[in-house]
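Spelled out, the chains give:
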Amino acid sequence: MDRTDDSLIALRRILRATELYERDLANAAGVTPAKLRVMQIVHARGGTATPKALATQMGVTQATITGLVDKLVKDGLVHRAQSSLDRRQINVVLSERGEQTLHRAPDALQQRFVREFERLEDWEQAQLLSSLERVAAMLDARDIDASPVLTTGAIHADKPEKRSA
């Protein structure tokens, strides 16, 4: 095998790992990676967060967060509550069911990546980042809107998007 095939195999393994994680997460906790990330952020902020804070931390628009929160509310995993500090502000609050779902969820794929990435030397991190950015550019994916959530579908989708052949 040559390096071209080896690189394609490595890319395929990354894609498959992402797909398998999504399936495991759906089976174990019944949520998508994006929904899990919203709940993790709310949990890390003491069980409550503003939609603006969620959007900023996830690197997505407030409209995307609104859609995710709407789905989480419908699933009973979070609820919206008026802020006690500013009555005009609405907070996203993790429900008891949301807490239970967080505890059932397998370790997020991006968390595994972050742990391993942070163990690398500074020069290795820079080299890997440069290589990944180059791969994104090679695939004309440099300008695709993305957040730091490893998922194959749209960030606001309930299920991965269907891909055409």
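Predicted model only: the values in this text are computed from it and were never measured.

A. Main features of the pattern of salt bridges. Tallied over the full model, the rule gives 4 salt bridges. The salt bridge partner of aspartate 70 is arginine 80, with a shortest N-O separation of 2.6 Å. Taken together, the residues span a long stretch of sequence, with aspartate 70 in helix H4 (residues 62–74) and arginine 80 in strand E2 (residues 78–82) at a distance of 10 residues. A relative accessible area of 38% places aspartate 70 in the partly exposed class. Relative accessible area serves as the criterion here: at 39%, arginine 80 is assigned to the partly exposed category.

B. Layout of the pairing of strand E3 (residues 90–94). Buried residues dominate E3, accounting for 4 of its 5 residues. Across 5 bridges, E2 lies against E3 in antiparallel orientation. When the sheet's bridge partners are listed, alanine 81 is paired in E3 with asparagine 91.

Thresholds applied
- Residues numbered from 1 in each chain as written.
- Predicted model: local features only at pLDDT ≥ 70, side-chain atom pairs only at ≥ 80, totals over all residues.
- Heavy atoms only, no water.
- Salt bridge = Lys/Arg side-chain N within 4 Å of Asp/Glu carboxyl O.
- Helix = DSSP H or I, 4+ residues; strand = E, 2+ residues; numbered from the N terminus.
- Buried < 20%, exposed > 50% of the residue type's maximum accessible area, 1.4 Å probe, protein only.
- Pairing = 2+ DSSP bridges.

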